[in-house]
Amino acid sequence: MPIRIPRGWEIPESRVTPEALVLGRRRGLALGAGLLAAPATALAQGAPPALPPAMRNTRYAPGRDITDEREATSFNNFYEFGSHKTISRAAQRLPQRPWTVKVEGMVESPREFGIEDLLRFMPLEERVYRLRCVEAWSMVVPWTGFPLSALLDAVRPLGSARYVVFETAAIPAVMPGLRQSWYPWPYIEGCTIEEAANELSFMVVGAYGKPLPPQNGGPIRFHQPWKYGFKAGKSIVRITLTDRRPVSFWERVQPQEYGFWANVNPEVPHPRWSQASERVLGTNARVPTQIFNGYGEFVAALYTGLRNERLWA
Ligand SMILES: Nc1nc2c(c(=O)[nH]1)N[C@H]1C(S)=C(S)[C@@H](COP(=O)(O)O)O[C@H]1N2
Ligand SMILES: [Mo]
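Residues numbered from 1 in each chain as written. Chains lettered and ligands numbered in written order. Predicted model: local features only at pLDDT ≥ 70, side-chain atom pairs only at ≥ 80, totals over all residues. Heavy atoms only, no water.

Looking up the protein in an unreviewed UniProt entry gives the name Protein-methionine-sulfoxide reductase catalytic subunit MsrP, with the organism given as Neoroseomonas alkaliterrae. Taken verbatim from the UniProt record of the protein, the Sequence similarities (unreviewed entry) comment is "Belongs to the MsrP family." Quoted straight from UniProt, the Subunit (unreviewed entry) entry for the protein says "Heterodimer of a catalytic subunit (MsrP) and a heme-binding subunit (MsrQ)." (UniProt positions renumbered as here; feature names shortened; annotations may be inferred.)

Okay, structure coming up:
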């Protein structure tokens, strides 16, 4: 079934970055406020320059307090750096520049994008999204990024493309976790083209108004807030459009526990624990988990026609 990805001019008004901001951002870059103005030493170490300003999109109200920045940037899941939650120091070794993302496969114009071009030409905005990990903890983060559909527009998917596959960085010299050779590196994730076109599907390049730190998947990660966090590939290097459903990292490791769809559902327990509630990072409060992590109004329709699919984790 051919799916239309909305074109830029069809994006609802609430999602359009005000022109003044866009112009200001470009002018700022032209004047050297962006890449050129970053201290040479920072660039030499592969550190990103400051993030261009982005307006908060209030269409997606989180309904909860934003998680303390230190919590969100120091309690992380990133197996390439180790299978525990304190990888944030180790992850600082992941060079953030230069960084490119290939977008290829079933598209009219395959391209390799430099991260600076994405920061410059994609419609950046801030969205405060919930993130629910399958391990029953959650957080609320102001992410800066752009709709995945804006990136796909630039390469023009073929009508035959049915899935979008995300491949993330695998750099043995800086990622000690890769020595755990029983894992099927690189980390792969994916979704359907319909899910990719959904307005919530977001490419993230920043958090808390700053460049996305490496431990959170800098310089670029994905996030679909209605799905469990493992669907959100970190430090993405390649996006492939295909007609074959990918087998993702955790699905390959443990297919009884982690599936392709992985939509949040409090009523479908993980084989080893309940998903009825979650622990909020920072406060440690226990709160009830919501179906589709509370984003059903935006995404429930994606799944109405699907039968014989294990839609929940
Ligand atoms: N490449 C890669 N991406 C990944 C992971 C990972 O181990 N490797 N872990 C996932 C899981 S299980 C979660 S919950 C989120 C955690 O994101 P955070 O550390 O920013 O909270 O990243 C996801 N993306
Ligand atoms: Mo997770």
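A.B. asks: For this particular structure, what's the right way to read the sheet that holds strand 2 (residues 111-114)?
C.D. replies: Strand pairing in a sheet relies on backbone hydrogen bonds. The paired strands run either parallel or antiparallel. Spatially, the five strands line up as an open sheet ordered 2-1-10-5-6, and their pairing is mixed. Where the open sheet ends on each side, the last strands, each with one partner, are strand 2 and strand 6 (188-192). For this sheet, the mean inter-axis angle between neighbouring strands, taken without regard to orientation, is 15°. Two elements, strand 1 (residues 100-105) and strand 10 (residues 236-242), share four bridges in a ladder whose sense is parallel. (Pairing = 2+ DSSP bridges. Helix = DSSP H or I, 4+ residues; strand = E, 2+ residues; numbered from the N terminus. Axes fitted to C-alpha atoms, helices over the stretch in contact; angles between N-to-C directions.)

A.B. asks: Mind showing me how you'd approach the pattern of salt bridges here?
C.D. replies: If charged atoms from side chains of opposite charge come close, those side chains can pair. Applying the stated criterion across every chain yields a total of 16 salt bridges. With a shortest N-O distance of 2.6 Å, Glu69 and Lys210 are connected by a salt bridge. Of this pair, Glu69 sits in helix 3 (residues 69-72) while Lys210 sits in strand 8 (residues 210-211), and the two are 141 residues apart along the sequence. For Glu69, a relative accessible area of 28% translates into the label partly exposed. Residue classification places Lys210 among the partly exposed positions, given a relative accessible area of 41%. When the shortest N-O distance is used, the salt bridge between Lys85 and Glu135 registers 3.1 Å. Taken as a pair, Lys85 in the loop between helix 3 and helix 4 (88-91) and Glu135 in the loop between strand 3 (125-132) and strand 4 (137-147) lie far apart in primary sequence, 50 residues in all. (Salt bridge = Lys/Arg side-chain N within 4 Å of Asp/Glu carboxyl O. Buried < 20%, exposed > 50% of the residue type's maximum accessible area, 1.4 Å probe, protein only.)

A.B. asks: Explanation requested: the pairing of strand 10 in the structure shown.
C.D. replies: Sheet faces and side chains relate simply in a regular strand, where the side chains alternate between the two faces. Relative to strand 10, strand 5 (residues 163-168) runs antiparallel, the two sharing six bridges. By the bridge assignment for strand 10, Val164 is matched with Leu241.

A.B. asks: Even after reading the chapter, I still don't get the confidence of the model for the protein, so can you show me in this structure?
C.D. replies: Reading fine detail from the predicted coordinates is not recommended where pLDDT is low. Mean pLDDT over the protein stands at 89; residues scoring 70 or higher make up 86%. Taken together, the stretch residues 4-44 has pLDDT below 50 and engages in 53 contacts with residues farther than four places along the chain or on a different chain. (pLDDT = per-residue confidence, 0-100. Contact = heavy atoms within 4.5 Å.)

A.B. asks: In this structure, what is going on with the site of ligand 1? I would like to understand it.
C.D. replies: Near ligand 1 lie 17 residues; those nearest to it are Tyr79, Glu80, Arg221, Ala232 and Lys234. Here Asn216 contributes a side-chain N or O atom positioned 2.9 Å from an oxygen atom of ligand 1. Protein coverage of the free-state accessible area of ligand 1, which is 540 Å², stands at 99%. (Near = heavy atom within 4 Å. Polar contact = N/O pair within 3.5 Å; in protein donor to acceptor, adjacent residues only side chain to side chain. Areas by Shrake-Rupley, 256 points an atom, 1.4 Å probe, with all protein chains shown as cover.)

A.B. asks: Teacher, can you tell me more about the UniProt feature "binding site: Mo-molybdopterin" (unreviewed entry) in the protein here?
C.D. replies: In the numbering used here, UniProt assigns the feature "binding site: Mo-molybdopterin" (unreviewed entry) to Asn76, Tyr79, Glu80, Cys133, Thr168, Asn216, Arg221, Ala232, Gly233 and Lys234. For Tyr79, the position within the fold is in the loop between helix 3 and helix 4. Residue Tyr79 is classed as buried on the basis of its relative accessible area, which comes to 13%. Ignoring sequence-local partners within four residues, the contact set of Tyr79 consists of Gly177, Gln180, Tyr183, Trp185 and Trp250. Looking at where Thr168 falls in the secondary structure, it is placed in strand 5. Residue class for Thr168 comes out buried when judged on its relative accessible area of 1%. If near-sequence neighbours (up to four positions away) are discounted, Thr168 is found in contact with Glu80, Pro186, Tyr187, Gly233, Lys234, Ser235, Ile236 and Val237. In this structure the side chain of Thr168 is engaged in a polar contact, spanning 3.4 Å, whose partner is the side chain of Glu80.

A.B. asks: I tried to follow helix 6 (residues 148-155) on my own but got confused; where do I start?
C.D. replies: Each α-helix winds once per 3.6 residues, and so residues spaced three or four apart point in a common direction. Burial analysis of helix 6 places seven of its eight residues in the buried class, the great majority of the element. Burial in helix 6 covers these residues: Leu148, Ser149, Ala150, Leu151, Leu152, Asp153 and Val155. Taken from the residues just after helix 6, Arg156 is the one with a positive phi, measuring 55°.

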